[in-house]
Protein chains: 2
Amino acid sequence: MKTSVLESLVIPNTTRIVLLVLDGLGDLPDPARGMRTPLEAARTPNLDALAPSAALGRLLPVQPGVTPGSGPGHLALFGFDPVETVVGRGVLEALGAGMELKPGDVAARANFCSIDAGGIVTDRRAGRIPSEKCAELVAKLAAGAGRFEDVDIVLKPGKGHRFVAVLRGPGLGGDVGDADPHKEGKPIPPAHALVPGAANEKTARIVNAFVKRAAEVLKGESPANGALARGFSARPHFPGYRERFQLRAAAIAAYPMYRGVAQLAGMDLFVPAGEGAAEAIETAKQQWADHDFFFLHVKGTDMAGEDGNFDAKAAVIEAVDAALPKLLALAPDVLCVTGDHSTPASVKGHSWHPVPALIHGKWCFADGFSRFHEKNCRGGSFANLASKDLLAVLLANAARLDKYGA
Amino acid sequence: MKTSVLESLVIPNTTRIVLLVLDGLGDLPDPARGMRTPLEAARTPNLDALAPSAALGRLLPVQPGVTPGSGPGHLALFGFDPVETVVGRGVLEALGAGMELKPGDVAARANFCSIDAGGIVTDRRAGRIPSEKCAELVAKLAAGAGRFEDVDIVLKPGKGHRFVAVLRGPGLGGDVGDADPHKEGKPIPPAHALVPGAANEKTARIVNAFVKRAAEVLKGESPANGALARGFSARPHFPGYRERFQLRAAAIAAYPMYRGVAQLAGMDLFVPAGEGAAEAIETAKQQWADHDFFFLHVKGTDMAGEDGNFDAKAAVIEAVDAALPKLLALAPDVLCVTGDHSTPASVKGHSWHPVPALIHGKWCFADGFSRFHEKNCRGGSFANLASKDLLAVLLANAARLDKYGA
């Protein structure tokens, strides 16, 4: 990644920035609720008190019309271009499973399958075995197929037939094709290097040895007597917050995936005592002296949106609002409240809609709106800001950027 | 053209999208009419009924301050970058004349001129001969200068001294300089390959043979005794709507130019029974079962704008509005009403002003405005959208795009 104009302007300061992410915050007006959105319908006296002196706007996570996954959505908020900065599926899966990835690690999504006597995959999901069975079989694989050559295979069970495999050892490459036929009725294809080179070829060799041994270890099992692996990817190395922005960054998130992406961005990781904003803010308080950038993640808004539960989403927003005074008591120089993407309750999933955002600080430009919600954000100071540019605006508000040119 | 993020996300669906283009729709507030624009002044009860539940915005066809021609304006609406996607002048002229272009064809703008005994061009426009005379002379050329080597010269007369020449044969190139001195008092320069290579050299050779023969065929004529040709360009090959977006696209336009550009984009072409929106909608109804993307073109708004006729423009908009219920009765999943550029009546020509746009669909974000016009569009959901990004937003609204990243 080339050094950007932004990074060349970074100057040190003692100011503190808080990025409070309400996952999937953005929503749509609901005809059944007077065309209000959950953010609009929620009672938010503390956000309302901030709104008039805040700058409002909307973030575009990737590009118009594009619905981001959690990885690209957060990478953009952390100042990375989400199209240029690719994090592989295997790496995201490992991070989401709470596995710590070291430099050089290669991660893959894996799952149990059923294979017949002729080596043909008859069920790619092994009858969707229960998670308990999956954990039992993963333990068996770990014991019997845990190391090949000088490479450890680190496994973690997931839901149903799914698990994660991390290859840890010297000289591994991540550009390797799937050991997965992607449909029933075919044998497991051997993994192969997608880009020639010793590192990718070593990974392919280890994967193929693992898949072969797995079938031996699982021989007596039914229906899960085989393993597939796909989405191989190496843990990427990004220049971190400290190098790029001279920020000691703390990521405070209850869910492993978000800590994982923050780890890739070079943040220190903290697990709050609970899933709510109150617990995240308590952790921020504890870390206040040692950090100057705080990423606080609240998952509940996204979960309510995915469930199509408008009222639950509004309730999570109200709980965040109720916790806000404790955050404000820490007196951050710059506070930003936003989301990584929209998850409208009516869509029951992530969407492409721009994400409402609020920036509060001494020099933010007070937009003068009475409340923070999607509609006011359309007319705010930063009505259409790429998410990847948000960090620059926060750094500017925190007096951490020098003038460009004379 | 590289495969973009967008194209990698396309998923199939059965939803239908209508893109209703009112050519040159955007306009300026008129001091003589209470500072209203034609779109604002028009009585549009049907658009008014859609407006509150629609998302409004403004499209930027090329870049700020840049006035687009019809080619770039439409290519952008069709999802192409109008700067990267170049369609030569000759090709646009041929499409505008309703000539069908085949792969490998090279087209040029041509015109009759006057040359003296020494071969000097004395009038580049041959005294602006009437169109009837032009047609007569083109027929003469077609008979006497219609084929060189293995290349057919397909000619079509235009207005006044103008005509179009299409070279059709194997191994032709489009990077060829003009056979036109561009000013009086000089001889006709021979066409020459702008990029070395047999294909361009063959085109130049054929063109020079044509220009020489034309002078012989026209020897007795006065004042039109010579032919010039410029703007050589090969019919470009773009990946089409079906390949790029899995859309069966229908272009319904009374004027050949717009069908021509739509043909380049890979749409099926239909000629409505008349120039109005009502006829275009009737054709859409006939094609409804066989297509899932409908580009409907209405020319009248642009013509009224070019004429500086505010009231005529408002009247065309009212006629579109009156026809709208028949379109809505087809129940498109996503409807977009916009223009390819602005043609303000006070400018009497194309302009650089952003173009008002309305998107209606289940998940469009209901902006809640009472009417669709330029002023409300400034504060709408997509207040500043590049025209080339519109299609992504329409695809998203039609649930035809997968999530980007995990």
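All figures in this text were calculated on a predicted structure; none of them were measured in a lab.

Engineer: Looking at this structure, I do not really get helix α4 (residues 70-77) of chain A. What am I missing?
Structural biologist: Because the α-helix completes a turn every 3.6 residues, residues three or four places apart line up on one side. All names here are of chain A. Taking burial as the measure, the eight residues of α4 include eight buried ones, the bulk of the element. Among the residues making up α4, those that are buried are Ser70, Gly71, Pro72, Gly73, His74, Leu75, Ala76 and Leu77. Positive backbone phi, at 90°, marks Gly79, one or two positions downstream of α4.

Engineer: What is the right way to look at the interface of chain A and chain B in this model?
Structural biologist: How large an interface is tends to be reported as the accessible area lost when its parts come together. Facing the 29 residues of chain A at the interface are 27 residues of chain B. Buried area between chain A and chain B, both sides added, is near 2100 Å², and the carbon and sulfur share of it is 64%. Among the residues chain A hides against chain B, the three largest losses belong to Pro64, Trp352 and Arg378 of chain A. Together they make up 29% of the total. There are one salt bridge connecting chain A and chain B. We note a salt bridge from Arg378 of chain A to Asp367 of chain B, for which the minimum N-O separation is 2.6 Å. Scanning the region where chain A abuts chain B turns up six residue pairs in polar contact (both at pLDDT 80 or more). When contributions to the side of chain A that touches chain B are tallied by element, the ones reaching two or more residues are α4, α5 (89-96) and α13 (374-378) of chain A. Looking at side-chain class alone, the side of chain A that touches chain B contains 13 nonpolar, ten polar and six charged residues.

Engineer: I'm lost on unusual backbone geometry in this one. Help?
Structural biologist: Backbone geometry follows two general trends: most residues other than glycine have a negative phi, and most peptide bonds adopt the trans configuration. Residues Ser222 of chain A and Pro223 of chain A are joined by a peptide bond in cis, for which omega reads 5°. Along the chain, Pro223 of chain A falls in the loop between α7 (198-217) and β8 (226-234). With a phi close to 55°, Lys348 of chain A is a non-glycine residue in the positive phi region. Considering the arrangement of structural elements, one finds Lys348 of chain A in the loop between β12 (334-338) and β13 (355-361). Residues other than glycine seldom take positive phi values, yet Ala399 of chain B does so here, at roughly 55°.

Engineer: Would you mind going over the relation of the copies chain A and chain B with me for this structure?
Structural biologist: Mapping chain A onto chain B is achieved by rotating through 123° and translating by 0.1 Å along the same axis, at an RMSD of 0.2 Å. Taken together, these values place the two copies in the relation of a three-fold axis. Rotation axis and chain A: the residue whose C-alpha lies nearest the axis is Gly379 of chain A, separated from it by 3.4 Å. Interface residue correspondence from chain A to chain B reaches only 3%, placing this contact among heterologous pairings that use different surfaces.

Engineer: Explain helix α7 (residues 198-217) of chain B here, please?
Structural biologist: In this model, α7 of chain B (20 residues) spans 28 Å end to end at C-alpha, consistent with the 28 Å of a helix rising 1.5 Å per residue. Every buried residue belonging to α7 of chain B is among Asn200, Lys202, Thr203, Ala204, Ile206, Val207, Phe210, Val211 and Ala214 of chain B, and all of these are buried.

Engineer: In this structure, what is going on with the nonpolar core? I would like to understand it.
Structural biologist: Nonpolar side chains in soluble globular proteins generally cluster together in the buried interior. Core analysis: the biggest nonpolar cluster contains 63 residues, and Leu19, Phe78, Tyr241, Phe293 and Phe295 of chain B have the highest contact counts within it. Take this core: its biggest share by element is seven residues, from helix α14 (residues 387-397) of chain B. Within the second largest apolar cluster, 50 residues are counted, among which are Ile17, Met99, Tyr241 and Ala249 of chain A.

Engineer: So what exactly am I meant to see when it comes to the sheet that holds strand β2 (residues 55-60) of chain B here?
Structural biologist: Residue and element names in this part refer to chain B. Spatial ordering of the open sheet is given by β10-β9-β11-β1-β12-β13-β2-β14, a layout of eight strands whose pairing is mixed. Either end of the sheet is taken by a strand with one partner, and the two such strands are β10 (268-270) and β14 (382-386). Along the sheet, successive strands turn relative to each other by an average axial angle of 20°, direction set aside. Bridge analysis of strand β9 (residues 249-253) against strand β11 (residues 293-298) gives five bridges, and the strand direction is parallel. Its bridge partner being in β11, Ala250 is matched across the sheet by Phe294. Packed onto the sheet, helix α4 (residues 70-77) meets β1 (17-22), β2, β11 and β12 (334-338) and runs at close to 160° relative to β1.

Engineer: How should the confidence of the model for chain A be read in this particular structure?
Structural biologist: Predicted coordinates in regions of low pLDDT should not be interpreted in detail. Of all residues in chain A, 99% attain a pLDDT of 70 or more, and the chain-wide mean is 95. Model confidence for the complex: the whole-complex pTM is 0.90, and ipTM, which rates the interface, is 0.89.

Analysis parameters
- Residues numbered from 1 in each chain as written.
- Chains lettered and ligands numbered in written order.
- Predicted model: local features only at pLDDT ≥ 70, side-chain atom pairs only at ≥ 80, totals over all residues.
- Heavy atoms only, no water.
- Buried < 20%, exposed > 50% of the residue type's maximum accessible area, 1.4 Å probe, protein only.
- Helix = DSSP H or I, 4+ residues; strand = E, 2+ residues; numbered from the N terminus.
- Contact = heavy atoms within 4.5 Å.
- Buried area = accessible area lost by both parts, 1.4 Å probe.
- Salt bridge = Lys/Arg side-chain N within 4 Å of Asp/Glu carboxyl O.
- Polar contact = N/O pair within 3.5 Å; in protein donor to acceptor, adjacent residues only side chain to side chain.
- Nonpolar A, V, L, I, M, F, W, Y, C, P; charged D, E, K, R; others polar.
- Least-squares fit on C-alpha atoms with pLDDT ≥ 70 in both.
- Expected span 1.5 Å × (residues − 1).
- Core = buried A, V, L, I, M, F, W, Y, C linked by side-chain atoms within 4.5 Å.
- Pairing = 2+ DSSP bridges.
- Axes fitted to C-alpha atoms, helices over the stretch in contact; angles between N-to-C directions.
- pLDDT = per-residue confidence, 0-100.

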